[in-house]
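Okay, here's what each chain looks like letter by letter:
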Number of protein chains: 2
Amino acid sequence: MLSKATIKDIQSLQHKKFRNESNLFTAEGPKVVDEFLITGYFECEKVFATSKWKGWQDEKLLATLGEKVELIEDFELEKIASYTTPNQVVALFKIPKTPLIKAEKQSITIFLDSIQDPGNLGTIIRTADWFGIKNIICSENTVDQYNSKVVQSTMASLGRVNVGYTNLENWIEENRQVPLLAAVLNGKSIASRVVTTEGVLMIGNEANGLSQALIEKADELVTIPRFGGAESLNAAVATSIFLYELTKR
Amino acid sequence: MLSKATIKDIQSLQHKKFRNESNLFTAEGPKVVDEFLITGYFECEKVFATSKWKGWQDEKLLATLGEKVELIEDFELEKIASYTTPNQVVALFKIPKTPLIKAEKQSITIFLDSIQDPGNLGTIIRTADWFGIKNIICSENTVDQYNSKVVQSTMASLGRVNVGYTNLENWIEENRQVPLLAAVLNGKSIASRVVTTEGVLMIGNEANGLSQALIEKADELVTIPRFGGAESLNAAVATSIFLYELTKR
């Protein structure tokens, strides 16, 4: 039986402030939680699972978890999960120290300026992982990678991609050695671009795009060709199409 | 002042059953509502707007709307909106008769098998509109295009793309004249494909992909090349990358 204090502590992890204070974040559902546990991407602090969770049949996993795993009831799961239809398990993991992210030679780095929607950030992390991109650098006002909706929509890819937060301007000054590509609505078609193996792809805010200051710093302005009526593309969709084209071999 | 009965009627439109009975759907926020009103994509039944709505300054629009527009308070907007942070306006539009969708020669048609997430369907409609795709055909168990979250995430593109629901098997039998491409995880790389100008792109359910029966009917199995660790791509992201590649000139 979970105490009121425990429930309150877990619920507080929905807020960035409390995640930062405790250095913990939550993951939900067997797809993400099980993969984090099996791969060890993140150090596990605690697992709360109902009897439906398949992990109860995995003796090796249970031995590793020891007292970190606790059987709870469905109504308790509902209280600690952020989703309205929670699924079997909620787990707490330790937030690792954010690596200092550099734009590596011979690879593509993603740069996100003020992405606000958790689903968009999660989907970008998942797509980056699909295309083998290792590093994403975010402006300080981009949504937190440990927001539970971000974690969920990465589908466990959060463990395979480095995501860092920093001041853009400073970061760009230190990463001048690879080309900076700015995603805009009136640039050169990405389809006509010569294949590249290294660079920083800069993606802007959902409603306002990239800031003028960042556009001015870019080496090249790139655009996804449009043949229809929509004013813009969803930020995660646009990022994904750029990544597909840039990583094509 | 909205009556309790009016509030209940509007809330009931969150359910497909009531939308079908009344032939009405809701759109929210100025971005989508204003575009629907200005373009006339859908016949307007009623507009409920707070004093913040910019439409109040558009005399031509107000003359067209006549008694169809009603000033409401913020607390009333909260009651009739599906979003927890509603924005200025909720409007009711008439559901048009769904056109019979055929796979046209010299164009790409999208076929969606059991897409469940409203955000995914909305994003696919928006992206289709960007790439000039006019027709989307959905299996009968795909999420409803007039679901308020779908409407919202199309960003008004719903007015420019035909979306129809039908039985897949029958539809395919009648559309054998253009190539059927099935999006799968182990097909031929879409990047290596010869440019096509016509065809049906078949996209499967978020968790389970395309059904085996549909895969067997395909003329070609196509895949987005993977270089990293993610098991799959988000359905809307995958559709968008395919559309980008298929419409490239």
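The residue count restarts for each chain, going from 1 along the sequence in the order it is written. Chains and ligands are labelled sequentially in the order written, the chains with letters from A and the ligands with numbers from 1. Local features in this predicted model are restricted to residues whose pLDDT is 70 or higher, and side-chain atom pairs enter the listing and the counts only when it is 80 or higher, whereas totals over whole chains, interfaces and linings include all residues. Side-chain metrics rest on all non-hydrogen atoms present in the structure, leaving aside hydrogens and water.

Asks: Please explain the interface of chain B and chain A as it appears in this structure.
Replies: A common way to report how large an interface is uses the accessible area buried once the components associate. Contact between two residues is taken to exist if any of their heavy atoms lie within 4.5 Å; hydrogens are not considered. Listed by partner, the interface residues are 34 residues for chain B and 34 residues for chain A. Summed over both partners, the interface of chain B with chain A comes to about 3,000 Å²; 65% of that surface belongs to carbon and sulfur atoms. Counted as salt bridges are all cases of a side-chain nitrogen of Lys or Arg within 4 Å of a carboxyl oxygen of Asp or Glu. Applying the counting criterion to the chain B and chain A interface returns four salt bridges. Where Lys-31 of chain A meets Glu-231 of chain B, a salt bridge forms, and the shortest distance between an N and an O atom there is 3.6 Å. By the criterion applied in these results, polar contacts are pairs of N or O atoms within 3.5 Å in which, for protein atoms, one can donate a hydrogen and the other can accept it, and in which residues neighboring in sequence qualify only through two side-chain atoms. Our count for the chain B to chain A interface comes out at 18 residue pairs in polar contact (both at pLDDT 80 or more). Every helix listed is a DSSP run of H or I at least four residues long, and every strand listed is a run of E at least two residues long, numbered separately from the N terminus. Among the elements of the structure, α3 (30-39), α6 (118-130) and α10 (235-247) of chain B are those that each provide at least two residues to the side of chain B that touches chain A. Top element by residues in the side of chain B that touches chain A is α10 of chain B. It accounts for seven residues. Per-class residue counts for the side of chain B that touches chain A are 14 nonpolar, ten polar and ten charged. Here the buried area means the combined drop in accessible surface, using a 1.4 Å probe, for two parts upon being joined, counting both sides. Three categories are distinguished: nonpolar for Ala, Val, Leu, Ile, Met, Phe, Trp, Tyr, Cys and Pro, charged for Asp, Glu, Lys and Arg, and polar for the others, with Gly belonging to the last.

Asks: What am I meant to see in the domain arrangement of chain A here?
Replies: All names here are of chain A. An automatic or database domain assignment supplies the residue ranges for each domain. Domain parsing of chain A yields domain 1 (4-94) and domain 2 (108-247). Using only C-alpha atoms to locate each centre, domain 1 and domain 2 end up separated by 30 Å. Here domain 1 meets domain 2 over a buried area of about 1,300 Å², counting both sides, of which 58% is carbon and sulfur. The largest share of the area that domain 1 buries against domain 2 comes from Arg-19, Tyr-41 and Tyr-83, three residues that together contribute 32% of it. Joining domain 1 to domain 2, the criterion identifies two salt bridges. Note that Arg-19 is salt-bridged to Asp-144, the shortest N-O span being 2.7 Å. Connecting domain 1 to domain 2 are six residue pairs in polar contact (both at pLDDT 80 or more). At the level of secondary structure, the elements contributing two or more residues to the side of domain 1 that touches domain 2 comprise α2 (16-22), β1 (24-28) and α3 (30-39). Residue composition of the side of domain 1 that touches domain 2, by class: seven nonpolar, three polar and five charged.

Asks: Looking at this structure, how should I read the packing of helix α10 (residues 235-247) of chain A against α10 of chain B?
Replies: A pair of packed helices can be characterised by two numbers: the angle between their axes and the separation between those axes. Between N-to-C directions, angles cover 0 to 180 degrees, with each direction set by a line fitted to C-alpha atoms, over the stretch in contact for helices. Across the interface, α10 of chain A lies against α10 of chain B with an axial gap of 9 Å and an inter-helix angle of 55 degrees. On the basis of their axis angle, the class for α10 of chain A and α10 of chain B is oblique. Of the two possible hands of crossing, α10 of chain A and α10 of chain B adopt the one that is right-handed. Taken together, the residues of α10 of chain B that come into contact with α10 of chain A (itself represented by Ala-236, Val-237, Ser-240, Ile-241, Tyr-244 and Glu-245 of chain A) are Ala-236, Val-237, Ser-240, Ile-241, Tyr-244 and Glu-245 of chain B. Oblique is the label for any angle not under 35 degrees, not over 145, and not in the 65 to 115 range, which are roughly parallel, roughly antiparallel and roughly perpendicular in turn. Two helices cross in a left-handed way if the nearer one is turned anticlockwise from the farther one by less than a right angle. They cross in a right-handed way if the turn is clockwise.

Asks: Would you mind showing me how to read the packing of α6 of chain B against α10 of chain B here?
Replies: Residue and element names in this part refer to chain B. Taken N-terminus to C-terminus, the directions of α6 and α10 make an angle of 15 degrees; their axes are 9 Å apart at the nearest point. Regarding the angle of α6 to α10, the classification is roughly parallel. Remark: the crossing between α6 and α10 carries right-handed chirality. Contacts from Asn-120, Thr-123, Ile-124, Thr-127 and Ala-128 of α6 reach α10 at Ala-235, Ala-236, Thr-239, Ser-240 and Leu-243. In terms of residue class, the contact of α6 with α10 is built from five nonpolar, five polar and no charged.

Asks: What is the right way to read the relation of the copies chain B and chain A from this model?
Replies: Least squares is used to superpose the copies, and the fit set is the C-alpha atoms of residues whose pLDDT is at least 70 in both copies. Least-squares fitting of chain B to chain A yields an RMSD of 0.0 Å, with the superposition described by an axial translation of 0.0 Å and a rotation of 180 degrees. Taken together, the rotation and translation describe the operation of a two-fold axis. A shared interface surface links the copies, since 100% of the contact residues of chain B are contact residues in chain A too.

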